[in-house]
Amino acid sequence: MGKSKEGNDNVELYGIFGNPVGHSLSPLMHNAAFRSLRVDAVYLPFHIEDLEGALRGVRALGIRGVSVTIPFKTSVLACLDEVEESARAIGAVNTIANDGGTLRGYNTDWMGLIRSLGEAGGIRGRTFAILGAGGAARAAVYGILQEGGTPVVLNRTAPKAEALAREFGCAFLPAADAGTMEADVLINTTPVGMWPDVEGTPLPGEALARFRCVMDVVYNPLRTRLLREAAAAGCEAVNGLGMFVHQGAEQIRIWTGREPPVALMRQVVQRQLEEETV
Ligand code: NAP
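In what follows, the accompanying structure is described. (Residues numbered from 1 in each chain as written. Predicted model: local features only at pLDDT ≥ 70, side-chain atom pairs only at ≥ 80, totals over all residues. Heavy atoms only, no water.)

**A word on helix α4 (residues 109-119)**
Part 1: Among the eleven residues that make up α4, eight are buried, leaving the element largely enclosed by the rest of the structure.
Part 2: Of all the positions in α4, only D109, W110, M111, G112, L113, I114, S116 and L117 are classed as buried.
Part 3: At the exit of α4 stands G121, carrying a positive phi of roughly 110°. (Buried < 20%, exposed > 50% of the residue type's maximum accessible area, 1.4 Å probe, protein only. Helix = DSSP H or I, 4+ residues; strand = E, 2+ residues; numbered from the N terminus.)

Below is the structure:
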């Protein structure tokens, strides 16, 4: 606990642990959410070199909650007192709640992804081609299976796609098949197309028309080349903003037990991203 600007001794501390963390939009989003909910809290970015030391700091300082980002989402699992089932299955924690010194790990990325897909026509009964086999792909596969969809994994490094598919009991294909396979929705979970390499795209535009919907988990820029080409090919194009906002909204729910102000959270992040790209 610390002292707030208003001199309140009960201000709650939250933060994000990452390396790098300077460009994170989580402080902007979460501080706006706390203000709107009238929770006396401050959320700060922490550039972390020593994760175990930082977690001792969480306990010592009574930091109430932490978002975890690259490169700690997997390594943090071994440092926590409890890990919730979905985070264990995905093998990644992006959220820590400090309950009186007990550190509990959660994964809200998968929830962010399924909420975003839910807004874009739903999951049950649909087939999803997932490009990539890293942390975001694992969250996608887990979430889609939970919601009754069928994921198919395609990755540059084929053995990683195969291992992921075996672990979750779903299908995989060689990355080259992405140009010909049939699926309702394509999801890019690779960083290809992310700022500053904005001309990159994981699949050529002429291969996109077969998908009803194309989603990119990348949200900076908001309109990646993949999404521009998907829209031009007549697909519904879904950016990574919804996933980002909903994973953050679930963190607010975990930390405060309150209903998160999702529309406001979306608005502040979208405005910032639009300003960054002008
Ligand atoms: P990760 O664990 O490092 O996995 C990255 C995956 O992308 C790997 O499978 C990798 O393939 C593949 N990849 C990387 N560069 C590639 C290239 N040039 N060509 C083809 N494949 C390539 O990363 P992650 O944690 O899953 O994150 C991936 C992206 O998701 C990042 O851009 C991150 O910002 C974004 N993300 C967004 C949200 C959101 O809320 N919107 C949440 C989480 C993550 P190999 O296996 O062959 O190396």
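On we go from here.
**Thoughts on the sheet that holds strand β11 (residues 213-216)**
Part 1: The six strands lie next to each other as β9-β8-β7-β10-β11-β12, forming an open sheet whose pairing is parallel. One side of each edge strand has no neighbouring strand; the edge strands of this open sheet are β9 (171-174) and β12 (236-238). Strand-to-strand twist across the sheet, computed as the mean angle between neighbouring axes with direction ignored, equals 20°.
Part 2: Two strands pair when backbone bridges link them, and strand β7 (residues 127-131) and strand β10 (residues 185-188) are joined in this way by four bridges, in the parallel orientation. Counted as the bridge partner of I130 is I187 from β10.
Part 3: Where helix α6 (residues 158-168) meets the sheet, its contacts fall on β8 (150-155) and β9, and the angle it forms with β8 comes to roughly 155°. (Pairing = 2+ DSSP bridges. Axes fitted to C-alpha atoms, helices over the stretch in contact; angles between N-to-C directions. Contact = heavy atoms within 4.5 Å.)

**Digging into the sheet that holds strand β2 (residues 41-47)**
Part 1: The sheet built from six strands is open, its strands ordered β2-β1-β3-β5-β6-β4 with mixed pairing. With one partner strand each, in any of the chains shown, β2 and β4 (82-83) form the two edges of the open sheet.
Part 2: With seven bridges joining them, strand β1 (residues 12-18) and β2 adopt parallel strand pairing. Its bridge partner lying in β2, Y14 is registered against Y43.
Part 3: In this fold helix α1 (residues 26-37) packs onto β1, β2 and β3 (65-68), with an angle of close to 170° to the strand it touches most, β2.

**Regarding the packing of α1 against helix α8 (residues 241-256)**
Part 1: Where α1 meets α8, the closest approach of the two axes is 11 Å, and the angle between their N-to-C directions is 50°. Here α1 is positioned oblique relative to α8, judged by the angle of their axes. Of the two elements, α1 crosses α8, and the hand of that crossing is right-handed. For the pair α1 and α8, the contacting residues are S26, M29, H30, A33, F34 and L37 in the first and F244, V245, Q247, G248, Q251, I252, W255 and T256 in the second.
Part 2: Residue classes in the contact of α1 with α8 are distributed as eight nonpolar, six polar and no charged. (Parallel < 35°, antiparallel > 145°, perpendicular 65-115°, else oblique. Left-handed = near helix turned anticlockwise from the far one by under 90°. Nonpolar A, V, L, I, M, F, W, Y, C, P; charged D, E, K, R; others polar.)

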